[in-house]
Amino acid sequence: MSVPAIRTRGLSRVHDGGRDARRALVDVEIAIEEGEFVCVLGPSGSGKSTLLAVIGGLDRGYQGQVELFGEDIGRVSDAALARLRGERIGFVFQHFHLLHHLTVIENVTTPALFDPRGDEEACLARAKHLLDRVGLADRAGDTPAELSGGQRQRVAIARALLRKPKLLLCDEPTGNLDADTGARIIELFEELHREERLTIVAVTHEERLARAATRILRLHDGRVDASKEEPA
Amino acid sequence: MKLAALVRLVRRDLARARRALAGSAFGIAAGTATLVFFLALGLGVRAVLLGEVFPIDRIELEPPKAKDPGLLGLLLGGGGEPTGIRPDDVDALGRVPGVKRVLPKLSLAFPASARGGREILGHDVGASELPGDGIDPSLAAGDVKPGLFVDPMDTPGPACADDAACTGGAYCERAEGAAEGRCSAPVPAIVSRYLVEIFDKSIAPAHGFPAVGETLLSRAQGITFTVRLGESLLGRAKQGSPRTIRARIVGISGSATDLGLTFPLGVVRRWNREFGGERAAERYSSAVVEARSGAEVADVIDAGARMGLSPKDTRARDVSVLVSGVMALLSLVAGVVLVVSASSITQTFRALVLERRSEIALYRAVGATAGEIGAWTVSLAAVVGFFAGALGLLVARILAFFADWAAAEKLPDFPFKPDTFFAFPWWLWLLGMGFSVLFSVLGAIGPARAAAKVDPARALAGS
Ligand SMILES: Nc1ncnc2c1ncn2[C@@H]1O[C@H](COP(=O)(O)OP(=O)(O)O)[C@@H](O)[C@H]1O
Ligand SMILES: [Mg+2]
């Protein structure tokens with residue numbers, strides 16, 4: 001069996017919020033193989049965002065072990081982890097996090113700024129291709145303010161895919177969208193998973209996103225509910 | 001991060017945060033303008049003072065005095081090695097822009113005493129301690145008849161064993177241990193007007209000697225002395241054995257050392273080698289530097305200072321020190337302005353970083369290292385400092401222009417009133433620019449560290 005894309009062992013995360021320390025993750029043991037589309041379901045406050053930040057290498061204040069593509073991210077330097085994020089991981093957020101002073105195409109090419117080996121022309125071509133892929137080829141010169149919520153999330157997805165990541169981490173990607181728009185974003189994920197064999201981990205509290213996944217993990221009070229792990 | 005990416009990030013910042021950055025740059029620009037204005041004023045005024053008010057176009061530079069050896073030095077012996085000016089430094093001084101020529105001086109490195117003066121004074125007088133210098137004969141060329149002040153060994157006489165073998169006024173110049181000597185005309189020496197004044201006004205009346213006027217000196221065809229080399233009342237030379245030579249005073253010169261006799265350089269070099277060693281023969285004790293104009297003396301003083309040499313002429317040094325002091329004081333004012341404006345940069349950048357936490361977090365998520373975020377912030381500050389510096393320099397130049405104009409129009413004529421009170425050498429522009437960028441960057445270092453430390457997970461959690 002190949003190395004899993006993500007593996008955690010005894011993963012815990014305690015947020016020290018002043019007097020009461022909050023245990024956002026408790027002894028989480030998961031393994032996600034390459035090519036899986038995993039949906040992490042759980043109520044608000046159950047630790048979904050925390051889990052995503054930890055396995056995405058954005059939050060290093062955890063206990064336990066986290067391996068990404070076989071590499072223990074607790075042992076690499078901050079700079080090496082940043083490179084790993086840039087090369088292997090794409091992030092999609094509930095609030096899109098587009099930069100409003102930039103155009104759509106500039107937003108999509110943002111990750112290239114921190115790519116030491118990037119080629120400007122290739123990057124621009126890829127960005128255009130991705131915008132075409134998400135159906136926004138004609139909006140390249142617009143600013144995010146001129147786009148609808150669904151369109152903004154598509155731009156964010158194009159940005160996440162710019163450097164051809166192997167892993168897409170999505171935190172409530174449809175949380176800010178109406179049902180129809182959300183549904184189309186979910187379709188886009190399904191396509192990406194099917195056509196590009198992208199490993200996707202999406203956390204949400206909405207059951208409808210789960211229907212697209214190949215596996216569902218349920219998180220409750222920071223614990224993975226193993227009994228309820230189910231294939232979709 | 002590639003440079004192109006950094007440039008792109010900074011350019012975008014300049015476009016969108018123009019107003020905030022311009023506000024914080026204002027202080028830096030004002031500080032730079034103040035600094036450059038005052039420095040230019042100081043440099044300009046110093047050039048006027050040294051060049052016109054006290055027109056000194058030649059200046060004597062000295063090495064630092066040999067250090068006090070201290071108790072340990074005395075106990076261990078040694079120490080006290082004369083520093084001297086190396087021939088290399090003399091050459092380097094000669095290459096300083098504005099320098100016409102450099103005339104090094106070599107002091108006697110051994111004790112000597114003298115006795116003589118019968119021709120004018122009626123009977124011999126003695127100096128139990130004879131200080132003396134050797135100078136390039138061309139230094140005295142204007143004051144002494146040609147051919148008089150030259151090294152006698154340039155045209156040595158016949159071989160000799162002792163003084164008896166030489167005729168006329170000549171003596172046998174024979175260093176200790178040399179197989180044979182050569183007959184030598186009395187070594188020519190020049191004295192200063194100052195020494196003649198002292199003698200005529202203080203010494204002669206006390207002893208009932210006639211005054212030694214310039215005319216008397218020349219009419220007497222020179223006063224001859226015997227000089228005891230390597231020995232004086234106070235002691236003996238460390239090496240060589242003392243011997244006696246003849247010397248003749250051939251004139252009065254402004255180039256002569258104030259107290260003592262001044263000989264042609266080659267002679268003193270030979271004697272120093274004999275009684276003081278090689279180093280004493282090679283290292284000059286001071287150097288007279290002639291500038292093309294008085295205005296350039298300030299540059300000569302600066303160049304000398306960089307080699308550790310300081311002016312012997314206290315007037316030039318005083319002017320130089322005074323103006324430098326005032327300049328330092330005014331620069332301090334400018335420094336305070338710069339420090340204050342650096343803190344305004346800090347304020348602006350702190351606000352900027354706070355406002356951009358989620359943007360910074362996004363960059364971190366897509367692959368930026370903490371170092372790259374810090375470098376971005378510092379680069380932005382450096383660019384702000386660059387523009388502020390350019391503005392400051394422009395303002396300083398314009399202010400200087402108007403100050404000169406106002407002085408020309410509004411101030412009454414006074415002696416030495418110059419066309420400009422300012423000097424803007426090329427390095428002043430660089431210096432202004434350097435300080436501007438430096439203080440901007442210093443101000444931004446704290447915020448840059450904060451930017452590098454932004455916790456991406458937390459910053460992205462917010463909307
Ligand atoms: N930065 C933080 N400081 C303190 N507590 C936090 C922080 N982030 C999250 N938490 C707490 O950790 C728990 C899990 O939060 P989160 O992972 O955001 O849950 P979810 O995304 O499932 O809503 C919550 O109780 C939340 O209050
Ligand atoms: Mg959440």
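For the structure, check the block above.
An account of the accompanying structure is given in this report. (Residues numbered from 1 in each chain as written. Chains lettered and ligands numbered in written order. Predicted model: local features only at pLDDT ≥ 70, side-chain atom pairs only at ≥ 80, totals over all residues. Heavy atoms only, no water.)

## With respect to the interface of chain A and chain B
Stated precisely, the cut-off is as follows: Contact criterion: two residues are considered in contact whenever any of their non-hydrogen atoms come within 4.5 Å of each other. Defined here as a combined quantity, buried area equals the accessible surface (1.4 Å probe) lost by two parts on assembly, summed across both. In what follows, salt bridge is the name for a side-chain nitrogen of Lys or Arg lying within 4 Å of a carboxyl oxygen of Asp or Glu. A run of H or I in DSSP counts as a helix once it spans at least four residues, and a run of E counts as a strand once it spans at least two, with each numbered from the N terminus. Residue polarity follows a fixed list, in which Ala, Val, Leu, Ile, Met, Phe, Trp, Tyr, Cys and Pro are nonpolar, Asp, Glu, Lys and Arg are charged, and the others, Gly among them, are polar.
At the interface, 28 residues of chain A touch 26 residues of chain B. Where chain A abuts chain B, roughly 2400 Å² becomes buried across the two surfaces, and 63% of that area is made up of carbon and sulfur atoms. Broken down residue by residue, the surface that chain A buries against chain B is led by H97(A), L113(A) and F114(A), which jointly contribute 29%. One can count three salt bridges joining chain A with chain B. At six residues, the largest contribution of residues to the side of chain A that touches chain B is made by helix α2 (residues 78-88) of chain A. Partitioned by chemical class, the residues of the side of chain A that touches chain B number twelve nonpolar, six polar and ten charged.

## What about the pattern of salt bridges?
All names here are of chain A. Put simply, the test is: Relative accessibility thresholds used throughout: buried, under 20% of the residue-type maximum; exposed, over 50%; partly exposed, between the two (1.4 Å probe, protein chains only).
Evaluated as defined, the whole model comprises 28 salt bridges over all chains. Among the salt bridges present, the one from R133 reaches E195, with a minimum N-O distance of 2.9 Å. Of this pair, R133 sits in helix α4 (residues 120-133) while E195 sits in helix α6 (residues 179-196), and the two are 62 residues apart along the sequence. A relative accessible area of 21% places R133 in the partly exposed class. For R218, the salt bridge is made with E207, and the minimal N-O distance between the two is 3.4 Å. Here R218, found in strand β10 (residues 215-220), pairs with E207, found in helix α7 (residues 207-210); they are eleven residues apart in sequence, far enough to count as distant. Taking the relative accessible area as the measure of exposure, R218 reaches 21% and is therefore partly exposed. The class of E207 is partly exposed, set by a relative accessible area of 46%.

## Digging into a nonpolar patch on the surface
Rules: Patch membership is restricted to residues that have no salt bridge and whose relative accessible area is over 30%. Joining uses 9 Å for like charges and 5 Å for the nonpolar side chains Val, Leu, Ile, Met, Phe, Trp and Tyr. Only the protein chains shown count as cover for residues, with accessible areas throughout obtained via the Shrake-Rupley method and a probe of 1.4 Å.
A surface patch of nonpolar side chains, amounting to about 780 Å² of accessible area, comprises L391(B), L394(B), V395(B), I398(B), L399(B), F401(B), F402(B) and W405(B). Mapped onto the elements of the fold, L394(B) is located in helix α13 (residues 370-410).

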